[in-house]
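These are the residues of each chain, in order.
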Amino acid sequence: MLRAIFALILTCLMAISASAQEASPQSQQTEEFQPRSGSPTLEDILARQRGEDVDFSWRLDQTGTAAAGISEQLGTLGGESDSDVYLALRYGTADVTVSTNAPGAGVLIQDRGMWWWQFREGPLSIYGAWLMGGTLAALALFYLLRGKIMIDGPKTGRTMTRFTGFERFGHWLFAASFLVLGATGLISLFGRAVLIPVFGKESFAMIAMASKWAHNNVAWAFMLGLLIIILNWTVHNIPNRHDLTWLAKGGGLFSKGVHPPARKFNAGQKMIFWGCVVLGLSISASGLSLLFPFELPMFAKTFVILNDTGLPQAFGLGVLPEQMAPHEEMQFAQLWHSIVAFVFMAMIFAHIYIGSIGMEGAFDAMGSGEVEEQWAKEHHSLWVEEVKAKQAASGSATPAE
């Protein structure tokens, strides 16, 4: 009897509950599940894992407002759901309060970091290595085909002062610091892949820390050396009509007995000089930005100027970003610093080759500062004439500049 009464009551309650649900407007559910607007989908996640671009711009209006109260930001469901908090942090619209005023401290999620890492580990490292390796291979092939460029005429036994002590100091300060910076920079970029398998992680950690310290401090010597060579040699590296003749004859590098006229610096040396100046100033600017994080942003303002010229659009790059998070500025600075460094190193490889094993007598100019007079006549005949004219005017019997 009691079981029958209990079953009757339970049946009535279930019937009443079903009727109430049918009458309630909140019970009108679609048969297909609809995800909340703005939430990432499985396809979005899979696309990002495949390296595909995913357009998240339409979700920006789902992150709330930066002026929202703390209760809305960090309530039980974060205003709407916990995903809203993540999206607001990711797109920089969250009302974030931090305990430090350091630049970039309020950026908790920097979405472009993965792109930077992939470019650094991929195209930057691969093409940079190919550029350096290809340059060395080309120089080795040139040496096999051309051999060492010798002094053609009989040596006089007399020397001429090619560079003063201060000029050589500026050159070697610039050159030595560049070699240290190049080596330590390569350790920073390729060390994990190349050196850890050889030395192990603990030893590499010590090498990496020493390289970082050297790179940061030797940079000042590099910039000082750059300033000295600019002051010393800019006036001698202004292009003139003789440079066209030198270029037309390939500087005599490819033919024996061919010596086009040149002043103190020929066209090839002028290209090296201006390359050092332009690349040196550029790499110094990006280096300073890295030495003083977040203090010297350069790229957002530069991209505004480039967008106004229309060049990025003409090359199919679209509109470059004009607003960046502080970390994005640092990432662009690091990538640009590395790209310029690779081009710089490839150019200096050619310069080192000519100044050492590539040409007889060339190293003496920066070694002792004195060069064989016949060498000077063959490679810088106009400069020799200028020196002898000054010598005659001053009545000096010793060949000097």
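Because the structure is a prediction, the values reported are computed rather than measured. (Residues numbered from 1 in each chain as written. Predicted model: local features only at pLDDT ≥ 70, side-chain atom pairs only at ≥ 80, totals over all residues. Heavy atoms only, no water.)

For the protein, the helix and strand inventory stands at 16 helices and 2 strands. Taking all 401 residues of the protein together, 35% fall into the buried category. Put simply, of all contacts in the protein between residues at least 6 apart along the chain, 73% involve residues at least 24 apart. Summed over its atoms, the accessible surface of the protein is roughly 24,500 Å², and 66% of this surface lies on carbon and sulfur atoms. (Helix = DSSP H or I, 4+ residues; strand = E, 2+ residues; numbered from the N terminus. Buried < 20%, exposed > 50% of the residue type's maximum accessible area, 1.4 Å probe, protein only. Contact = heavy atoms within 4.5 Å. Areas by Shrake-Rupley, 256 points an atom, 1.4 Å probe, with all protein chains shown as cover.)

What follows is about the packing of helix α5 (residues 113-146) against helix α13 (residues 326-358). Contact geometry for α5 and α13: axes closest at 10 Å, N-to-C directions at 10°. Here α13 runs roughly parallel to α5, going by the angle between their axes. (Axes fitted to C-alpha atoms, helices over the stretch in contact; angles between N-to-C directions. Parallel < 35°, antiparallel > 145°, perpendicular 65-115°, else oblique.)

A few words on the environment of K249. If you trace the backbone, K249 turns up in the loop between α9 (241-248) and α10 (267-291). Judged by relative accessible area, K249 falls into the partly exposed class, the value being 47%. Sequence-wise, K249 and H259 are 10 residues apart; in three dimensions their C-alpha atoms are separated by 8.4 Å. Excluding anything up to four places from it in sequence, K249 contacts V258 and P260.

Looking at soluble globular proteins, one finds that nonpolar side chains tend to be buried together. Formed by 41 residues in total, the largest nonpolar core has its most connected members in F222 and F344. Contributing elements (two or more residues each) for this core: α5, α6 (165-194), α8 (201-233), α10, α13, α14 (362-367), α15 (373-379) and α16 (381-394). Of the residues forming this core, the biggest block, 8 residues, is contributed by α13. With residues near it in sequence (within four places) discarded, F344 still touches F174, F178, F222, C276, L279 and G280. (Core = buried A, V, L, I, M, F, W, Y, C linked by side-chain atoms within 4.5 Å.)

What follows deals with the packing of aromatic side chains. Going through the model one piece at a time under the given rule, you end up with 21 aromatic pairs. Relative to F254, the ring of F142 has its centre 5.6 Å away and its plane inclined at 85°; by these criteria the two rings are edge-to-face. One end of the pair, F142, is in helix α5; the other, F254, is in the loop between α9 and α10, and 112 residues separate them in sequence. Judged by relative accessible area, F254 falls into the exposed class, the value being 61%. If you follow R162 out to its NZ or CZ, it ends over the ring of F265, 5.7 Å from the centre. In this arrangement the basic side chain of R162 is found over the ring face of W383, its NZ or CZ atom lying 4.9 Å from the centre. (Phe/Tyr/Trp six-rings, centres within 6.5 Å; stacked < 30°, edge-to-face > 60°. Lys NZ or Arg CZ within 6 Å of the ring centre and 35° of its normal.)

Here we take up a nonpolar patch on the surface. A surface patch of nonpolar side chains, about 560 Å² in accessible area, is lined by L141, Y143, L144, L145 and I357. Top element by residues in the nonpolar patch is α5. It accounts for 4 residues. Within the secondary structure, L141 sits in helix α5. Its relative accessible area of 48% is what places L141 among the partly exposed residues. (Patch = residues over 30% accessible without salt bridge, like charges linked within 9 Å, V, L, I, M, F, W, Y side chains within 5 Å. Salt bridge = Lys/Arg side-chain N within 4 Å of Asp/Glu carboxyl O.)

The backbone of F294 sits at a positive phi, close to 70°, despite the residue not being glycine. Tracing the backbone through its elements, the reader meets F294 in the loop between α10 and α11 (299-309). Judged by relative accessible area, F294 falls into the partly exposed class, the value being 28%.

Before going further, it helps to spend a moment on α11. Taken as a whole, α11 has its buried residues at F299, A300, F303 and N307. Considered in projection along α11, the buried side chains sweep an arc of 95° and stay on one side of the axis. Opposite the buried face of α11, at more than 90 degrees from it, the exposed residues are K301, I305 and D308. Considering only its buried residues, α11 is in contact with α12 (311-314) and α13. One or two positions beyond α11, positive phi appears at G310, with a value near 85°. (Arc of directions from axis to C-beta.)

Before going further, it helps to spend a moment on the pattern of salt bridges. Evaluated as defined, the whole model comprises 8 salt bridges. Taking the shortest distance from any N to any O, the salt bridge between E373 and R158 comes out at 2.9 Å. Of this pair, E373 sits in helix α15 while R158 sits in the loop between α5 and β1 (159-161), and the two are 215 residues apart along the sequence. The network of salt bridges with common partners includes R158, E373, K377 and K388.

Further remarks concern empty space enclosed by the protein. Remark: the empty space left among the atoms is shown by a probe the size of a water molecule rolled over them. Tallied over the full model, the rule gives 1 cavity of 30 Å³ or more. Of the voids in this model, the largest cavity is the one considered here, and its volume is about 40 Å³. In terms of lining, the largest cavity is formed by N240, H242, D243, W246, P261, A262, R263, F265, N266, A267 and K270. Per-element tally for the lining of the largest cavity: the top contributor is α9, with 3 residues. When grouped by side-chain class, the residues that make up the lining of the largest cavity number 5 nonpolar, 3 polar and 3 charged. (1 Å grid on protein atoms, 1.4 Å probe; cavity = no way out; pocket = protein on both sides within 12 Å on 5 of 7 lines; lining within 4 Å. Points joined across faces, edges and corners; volume = space filled by probe spheres on them. Nonpolar A, V, L, I, M, F, W, Y, C, P; charged D, E, K, R; others polar.)

All we've got here are geometric facts, nothing functional implied.
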